[in-house]
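What the coordinates show
One-letter residues, chain by chain:
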Amino acid sequence: MELEVFVPTAAARVRQALSDPERVARALPGFQRDAGAATPTSGRLKVRVGGHTITYRGALRVAEREDGAYTVEGEATEARGTGTVKLSLTLTLADTDDADADGTRVTVEGTATADGRIAQLPAEQVNSAAARLLSRFAENLGAAEESKAEEPKAEEPREEPEKEAEPQASEAETAEPTEEAPAPPTEESPNEESSTEEPPPAESPAPEAAHARRTMIGRSAEEVDHAPPRGRYAPVPAPPVTAQANTLRWAAPAAALAVASAIVVGRVLRRRR
């Protein structure tokens, strides 16, 4: 794998970014640091290849060599699978010779091995995704340095002019007012007495309403719902049963029996004739 990326930032600033693990983690697109990770470059990385998105969990290490180049090594495994990825890259930084385009030329060389889901995808899509990831990583390194350099300095607090002391008030103005003598009590007019009379007491509620209110206090909602109505809405009790009603209840069957007996006797007599 070989790739060359132009970064519109001086090489010295890009070197400072590569020497700081925090900036390296922020510049890597799709990277999210794990909570409680030992190093800033340990976490999860989402890679989009074609129409697929694969999440890897692992760590990245960046070290500077004696010749001024940087080595990038990483190992990761799939978050939802058994696939693994190993890479070893070399980043070389060089200032551009073009006076019109001041910046840094970043050359990436190295190898990478992978198995699992990414190995089943077309090689062209994998190479395109890797080139896009490395290009954005190099560009983000320069952008992070530019944004940090362009941060405005904090404004120094301005000293406000001291206000002149206000003249003290005269003794006459600061003197406390003397207590005034209380006014003599005035006699109340008859109209005022009538206005201060207490209003008549409110009429007490009807005894039936008071009894119903007292009986409902302390009951549950179910008991109140099923309680029989009281007062004007109470049901009318049935009339008591008297002795006359009992006599009439037995007289009707007796009369019917007598009429039936007379009819039977009359028919028997007719047959004998």
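Residues numbered from 1 in each chain as written. Predicted model: local features only at pLDDT ≥ 70, side-chain atom pairs only at ≥ 80, totals over all residues. Heavy atoms only, no water.

1. Examining the overall build of the protein
Stated precisely, the cut-off is as follows: Numbering of helices and strands starts at the N terminus; helices are DSSP runs of H or I of at least 4 residues and strands are runs of E of at least 2. Relative accessibility under 20% of the residue-type maximum defines a buried residue, over 50% an exposed one, and the middle range a partly exposed one, all with a 1.4 Å probe and only protein chains included. Areas reported here follow the Shrake-Rupley algorithm with a probe of radius 1.4 Å; residue values treat only the protein chains shown as occluding.
In terms of helices and strands, the protein carries 8 helices and 7 strands. In the protein, buried positions account for 21% of the 273 residues. Taken as a whole, the protein presents about 22100 Å² of accessible surface, with 52% of it coming from carbon and sulfur.

2. Brief notes about the confidence of the model for the protein
Convention followed: Looking at any residue, its pLDDT shows the predictor's confidence there, from 0 to 100. We call two residues contacting when some pair of their heavy atoms lies within 4.5 Å.
When pLDDT is averaged along the protein, the result is 75; 63% of the residues meet or exceed 70. Taken as a whole, residues 159-182 scores under 50 in pLDDT and shows 1 contact with residues more than four places along the chain or in a different chain. With pLDDT under 50 throughout, residues 185-196 is counted as low confidence; its partners more than four residues away or in other chains account for 1 contact.

3. Overview of helix H1 (residues 11-18)
The line we're drawing: In this context, the arc is that of the directions from the helix axis out to the C-beta atoms.
Those residues of H1 that sit buried are Ala11, Val14, Ala17 and Leu18. One side of H1 holds all its buried residues, which, seen down the axis, span an arc of 115 degrees.

4. So, the nonpolar core
The nonpolar side chains of a soluble globular protein tend to be buried with one another. Convention followed: By convention a nonpolar core is built from buried Ala, Val, Leu, Ile, Met, Phe, Trp, Tyr and Cys residues, the set being connected through side-chain atoms within 4.5 Å.
Counting 33 residues, the largest nonpolar core has Leu18, Tyr56, Leu91, Val108 and Phe137 as the members making the most contacts within it. Among the elements that take part in this core, helix H3 (residues 123-149) stands out by supplying 5 residues, more than any other.

5. Thoughts on the environment of Arg80
Along the polypeptide, Arg80 turns up in the loop between strand S5 (70-78) and strand S6 (84-95). Taking the C-alpha atoms as reference points, Arg80 and Arg57, separated by 23 residues in sequence, lie 9.7 Å from one another.

6. A short note on the side chain of Thr107
Among the secondary structure elements, Thr107 is positioned in strand S7 (residues 104-114). Of the residues examined, Thr107 reaches a relative accessible area of 18% and is grouped as buried. Beyond its immediate stretch of four places on either side in the chain, Thr107 contacts Leu3, Glu4, Thr90, Leu91 and Thr92.

7. Things to note about the sheet that holds S6
The cut-off we apply is this: Two strands make a pair as long as DSSP finds a minimum of two bridges between them. Angles run from 0 to 180 degrees between N-to-C directions of axes, and those axes are lines fitted to C-alpha atoms, restricted for helices to the stretch in contact.
Read across the sheet, 7 strands follow the order S1-S7-S6-S5-S4-S3-S2 without closing on themselves; strand pairing throughout is antiparallel. Two strands in the sheet have a free side with no partner beyond their single neighbour: strand S1 (2-7) and strand S2 (31-33). Each neighbouring strand pair of the sheet contributes to a mean axis angle of 30 degrees, computed without reference to strand direction. Relative to S6, H1 is tilted by about 150 degrees, and along the sheet it contacts S1, strand S4 (52-64), S5, S6 and S7.

8. Brief notes about the pairing of strand S3 (residues 42-49)
Relative to S3, S2 is paired through 3 bridges, and the arrangement is antiparallel. Along S3, the bridge assignment pairs Gln32 with Arg44. Note: S3 against S4, 8 bridges, orientation antiparallel. Among the inter-strand pairings, Val47 is bridged to a residue of S4, identified as Ile54.

9. Describing a positive patch on the surface
Convention followed: Within the patch definition used here, like charges are joined within 9 Å and nonpolar side chains (Val, Leu, Ile, Met, Phe, Trp, Tyr) within 5 Å, considering only residues with over 30% relative accessible area and no salt bridge. Salt bridges are identified by distance alone: a Lys or Arg side-chain nitrogen within 4 Å of an Asp or Glu carboxyl oxygen. Positive residues here are Lys and Arg, negative ones are Asp and Glu, while His and the chain termini are left out of the count. In plain terms, the charge of a residue is placed at NZ if it is Lys, CZ if Arg, CG if Asp and CD if Glu.
Taken together, the side chains of Arg267, Arg270, Arg271 and Arg273 make up a positively charged region of the molecular surface. Tracing the backbone through its elements, the reader meets Arg271 in helix H8 (residues 243-272). The exposure class assigned to Arg271 is exposed, which follows from its relative accessible area of 75%.

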